[in-house]
Amino acid sequence: MIRLNDITSSLLGYHPEADVSLVEKAYVYSAKVHQGQVRLSGEPYLSHPLEVAHILTQMKMDVISVVAGLLHDTIEDTGAELSEIERLFGKETANIVDGVTKISKMKFSDSEERQAENMRKMILAMATDIRVIIVKLADRLHNMQTLGFQPPEKQRLIAKETLDIYAPLAGRMGIYWMKSTLQDLCLYYLEPEIYAKIKSDLAERKGDREKFIEEVKALLSQKLKEANINAAIKGRHKNLYSIYTKMKEQNLSPNQVYDILAFRVIVDSLKECYEVLGLIHSTWKPIPGRFKDYVSLPKANMYQSLHTSVIGPLGQRMEIQIRTWEMDKVAEEGIAAHWKYKEGLVASKTDEKQIKWLRQLLEWQKSLQDPKEFMETVRMDLFPDEVYVFTPKGEVKEFPKGATPVDFAYSIHSEVGNKCIGAKVNGRMVPLRYELKNGDTVEIITSNKHEPSKDWLEFVKTPRARTKIRQWIMKQERAQSIELGKEILEKSIEQARLNLPNILKNEQIAAVARDLSFHSTEDLLANLGFGKVSAKQIIARLKPSLGIEEQPHPGIVSKVVSRIKRKKSTHGIKVKGLDNMLVRFANCCHPLPGEHVVGFITRGRGVTIHKYNCRHILDAEPDRVVEVVWEPSDHDLYLAKLKVVTTDKKGILADISSIIAQNNANILQAQIQTTIDKKGVSLFTIEVENYKQLQTIMGAIKKIKNVLIVERA
């Protein structure tokens, strides 16, 4: 078990002026509040915060981070108060502990909406103080190292969450050693058999591999010595998860994955990086398309290195990275190498660059309300595969793999994107769908008469482009809906023989808009154009304000009209990410509240709601399928069709009808026939409030004697 002395010694090793007394004070406090608590391993709970604090010293973090590591579980797992943490250890420490506590309570395995909301909270916590996520990563690393004491189901759950969220975060922050360690631990719990197989195969070839590594290092050392270049050379096999990824992508067994060896050459200067590259390429044959220059074009997290893959001495593929000592430090420590907090100092411009990506995420989390779209944006940013292109003036721009000239146009300005009609890449005209490649020089051609196309959403890759295009489309559709709604209302007012000039500025119509919970007359007209409200509803509310009384229509006609209105109600469904949409229910599957449903965007007819497993939706275009949720009211009724097969016995229909009535459902239609083998087949169309009510009815009918089958038709 790690001891306090291990932590303070490590801290003083890289920060001799560190206030060790604050660390000792945090240790005493943590030991006091965690007293009597035991981990699943049987060790005292204090062992965990000690391990976390030690990991933070291995990352060369500041005193505040180490103190927060010792205290990170005190709020969640003990009776400690945040105010007390702030009083004893300062506001900075309290804020980090509070941020880590909030992240620890998040569950990322729930619905997409919950996952998106939790990711938003995490981003906000990180933006407040990047040390929050660094402490959380250290906490997650130790929890993964001791995951074996958890039940199997929880092991898989935590490992999946780590692989989806925390390992990519570590990579995005440039802490690659932690990313690799977390990935390997996740593989151990998620794919134990494959993990064991890879490890076994690596162990079998360990002798040959180590001999090969030494031979390559010796040959490289000799070449570098002849060129008067001082360098450190390291050789290793790639982490198990990266070998597993190659196996999966190429459908190979572990012993068929050849490019598992990686070498690193660390030199004193930038000039020597390129000299070593030339020397390596003259010694071994480079593999085309496998060279990447992250020195002149650093990654977003400021990672710098030259990467090349070559055919080694025995015809074996191997990857070689070339970097300076400073670059190596950044590659090992990531954001932690730059984001150093010292008393009274503000983060420098270099520090700000380290978290530029985080600022972008913050901007997106404010503008992207749809959870699915937001999570798509986050995943795209956490799993980057960068392409670097140039503006005509030589400015470098970074995009995800697969980005197009439209993405480039929107990166310049939203107006340039909206008016983009074409693009030149390296002086030649290309389609707007063209996928940008490293080193391309891109020039955008615009026209004031041009507008964005919905089709662009099919191929743009950047969140900024996608968001701006959607915003423009929604704005245009709203304008068209307002115009259509105005036209419909004007005709209805004329038919009702009402005198209401200038609809947009009329106070009575504005009052009706407020009465129907709309912000303005324009909102009312837009919803009328979309089919969300009807002109009859508006006229009915206008007449009393004009002193006109509605004449009642009692009797059977009134009841039929009421029923039709209920059946055509669009209430009860909310379309995620889309407002003001006309909603109708599919006649093929008659979905009910409580059932798993999806929406299908139909051309000119709004969104049709289907059961998720409806045969018509399974073959539908994926881009037109949207998420929907039930928001039923007490007044909505829905159609359901029941098929009941019985023996042909007198009085059985009366029993079925009685059960439907007893459960407060109404029979709208019934079809009965008798088969040749004396079976009764009845089809009932009934009105119910939700799926639960229908299940209750079906369950009760099944209990009737001589009923053979009850199912949805």
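As the structure is a computational prediction, the values presented were derived from the model and not from experiment.

*Asks:* Kindly report on the overall build of the protein chain, identifying the contributing residues and their values.
*Replies:* Per the secondary structure count, the protein chain includes 30 helices and 20 strands. In the protein chain, which comprises 713 residues, the proportion classed as buried is 47%. Contacts in the protein chain between residues at least 24 apart in sequence constitute 66% of all its contacts with a sequence separation of at least 6.

*Asks:* Hey, could you go over the pattern of salt bridges for me, with residue numbers and the actual values?
*Replies:* Under the criterion given, the structure shown has 18 salt bridges. Where Glu214 meets Lys217, a salt bridge forms, and the shortest distance between an N and an O atom there is 3.9 Å. With Glu214 and Lys217 both in helix α13 (residues 206–226) and three residues apart, the pair spans about one turn of that helix. Residue classification places Glu214 among the partly exposed residues on the basis of a relative accessible area of 47%. With a shortest N-O distance of 2.6 Å, Glu275 and Lys271 are connected by a salt bridge. Taken as a pair, Glu275 and Lys271 lie in helix α15 (residues 270–283) at a separation of four residues, close to a single helical turn. Beyond isolated ion pairs, a larger network of salt bridges with shared partners links Asp62, Glu92 and Arg131.

*Asks:* Tell me what's going on with unusual backbone geometry, and back it up with residues and numbers.
*Replies:* The backbone of Lys60 shows a phi angle near 60 degrees, a positive value even though the residue is not glycine. Within the secondary structure, Lys60 is located in the loop between α3 (47–58) and α4 (63–71). Using a relative accessible area of 36% as the deciding quantity, one classes Lys60 as partly exposed. One non-glycine residue, Asn706, lies in the positive phi region at around 75 degrees. Considering the arrangement of structural elements, one finds Asn706 in the loop between α30 (691–702) and β20 (707–712). Owing to a relative accessible area of 24%, Asn706 belongs among the partly exposed residues under this scheme.

*Asks:* Summarise the pairing of strand β6 (residues 317–324); cite the residues concerned and give the values.
*Replies:* With seven of eight residues buried, β6 lies mostly within the body of the structure. Note that strand β2 (residues 261–267) and β6 share seven bridges and pair parallel. Residue Ala262 lies in a different strand from β6, and its bridge partner there is Glu319. Counting the residues in the hairpin turn of strand β5 (residues 306–311) and β6 gives five residues, including Gly315, whose phi is positive at 75 degrees.

*Asks:* Go over the sheet that holds β20, please, and point to the residues and values.
*Replies:* Sheets are built from strands paired through backbone hydrogen bonds, the pairs being either parallel or antiparallel. Spatial ordering of the open sheet is given by β18-β19-β17-β20, a layout of four strands whose pairing is antiparallel. Of all the strands in the sheet, just β18 (666–674) and β20 have a single pairing partner and so form its edges. Each strand axis lies, on average, 15 degrees off the axis of its neighbour in the sheet, ignoring direction. Here strand β17 (residues 638–647) pairs with β20 via five bridges, running antiparallel. Of the residues in β20, the one forming a bridge with Leu642 is Arg712. Across the face of the sheet, helix α29 (residues 652–662) comes into contact with β17, β18, β19 (679–688) and β20 while running at roughly 20 degrees to β19. Along the sheet face, α30 touches β17, β19 and β20 and points at about 165 degrees away from the line of β20.

*Asks:* Which residues make up the nonpolar core, and what values do they have?
*Replies:* Judged by nonpolar contacts, the single largest core of 92 residues is most densely connected at Val23, Leu56, Met144, Met178 and Ile320. Here Met178 is in contact with Ile55, Met59, Leu137, Ala138, Leu141 and Ala170, once residues within four sequence places are set aside. In this structure, Val583, Val644, Ala665 and Ile704 belong to the second largest nonpolar core, which totals 29 residues.

*Asks:* An account of the sheet that holds strand β10 (residues 428–430) is requested, with residue identities and associated values reported.
*Replies:* The strand order across the open sheet formed by three strands is β10-β9-β11, and the pairing between neighbours is antiparallel. Each end of this open sheet is capped by a strand with a single partner; those strands are β10 and β11 (442–446). Across this sheet, the average inter-strand angle for adjacent strands is 35 degrees, counted without regard to direction. Of the pairings in the sheet, the one linking strand β9 (residues 420–425) to β11 comprises five bridges and is antiparallel in character. In the strand pairing of β11, Cys420 is matched with Thr446. Where helix α21 (residues 405–412) meets the sheet, it contacts β9, β10 and β11, and its direction lies at approximately 80 degrees from that of β11.

About the thresholds
- Residues numbered from 1 in each chain as written.
- Predicted model: local features only at pLDDT ≥ 70, side-chain atom pairs only at ≥ 80, totals over all residues.
- Heavy atoms only, no water.
- Helix = DSSP H or I, 4+ residues; strand = E, 2+ residues; numbered from the N terminus.
- Buried < 20%, exposed > 50% of the residue type's maximum accessible area, 1.4 Å probe, protein only.
- Contact = heavy atoms within 4.5 Å.
- Salt bridge = Lys/Arg side-chain N within 4 Å of Asp/Glu carboxyl O.
- Pairing = 2+ DSSP bridges.
- Axes fitted to C-alpha atoms, helices over the stretch in contact; angles between N-to-C directions.
- Core = buried A, V, L, I, M, F, W, Y, C linked by side-chain atoms within 4.5 Å.

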